[in-house]
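These are the residues of each chain, in order.
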Amino acid sequence: MYSYPYIWTFYHNIANHFRGGLFKSVREISLYDEHSFEHDLFLRIAQSFPFLTKLTIHNYEAQQNNHLEQSTIKYSYLLDIDLVKTHHDYIEQFLNNKKICLLNDIHLRVGYNSLEKVTNNFTRDETNINSLKIVCRRVCGQIVERSKLQEYFSYAKINCNY
C-alpha cells in the first residue's frame, strides 16, 4: 500500500475516515472530528500505532455506541493522554478498564467537571482500576472536592489549571 516506509513520529488530526495501516515509528497522534469517535476507531488506532505513547483527542460529540459490550482495547505503550477538549464519553472510554487496558504511570490531562461526572463524584468502581494507574493528572477547571479527587486517584500527583 505504501511505497516508502513511514518514518514520522507523529500523525495529527486523524478523523473517523482513518482506514488503518501499520505505523511503527509514530509515537504521538491527535484525533479530531466533528462526528463522534466510536470504539472501533480506538481499536484501529491501537492496531495501527502499536508504539503510541501520546494521544490527544479533540471531539465534543457524544459517542453513539458507548453502551455496547465490546472487546477491551490494549494500549501497550501509551503514557500521555489529553482529554481536555472532549465529550465526557471519551474520558469514560479511557478510564473504564472494561473498554481500555492501560499500563501504569499514565499522565492524564482532563477537565474537572467531566471527570467528576464520569467517576460519579469519584465513587465509580468501573473507572477506579485505570485511575489507579495514573501518576500525574493535570486537571483543568475549578476543583470543588480536592480530597475526594486525591483519594480516588491515590497514586497521582494532582496539578490544577484554572
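Refer to the preceding data block for the structure.
Now for a description of the structure that goes with this document.

1. Section: unusual backbone geometry
Across residues other than glycine, the phi torsion is negative in most instances, and most of the peptide bonds are trans. The backbone of aspartate 105 sits at a positive phi, close to 65°, despite the residue not being glycine. Tracing the backbone shows aspartate 105 in the loop between strand 6 (100–101) and strand 7 (106–111).

2. Let's talk about the sheet that holds strand 3 (residues 54–58)
On the basis of which strands lie adjacent, the open sheet formed by seven strands has the order 1-2-3-5-7-8-9 and parallel pairing. In this open sheet, the two edge strands, each paired with only one partner strand, are strand 1 (10–14) and strand 9 (157–161). On average, adjacent strands in this sheet sit at an angle of 10° to one another, irrespective of strand direction. Both strand 8 (residues 134–140) and strand 9 contribute to a ladder of five bridges, which runs parallel. Following the sheet pairing, arginine 138 is matched in strand 9 by asparagine 159.

Here is what the cut-offs are and how they apply
- Residues numbered from 1 in each chain as written.
- Predicted model: local features only at pLDDT ≥ 70, side-chain atom pairs only at ≥ 80, totals over all residues.
- Heavy atoms only, no water.
- Helix = DSSP H or I, 4+ residues; strand = E, 2+ residues; numbered from the N terminus.
- Pairing = 2+ DSSP bridges.
- Axes fitted to C-alpha atoms, helices over the stretch in contact; angles between N-to-C directions.

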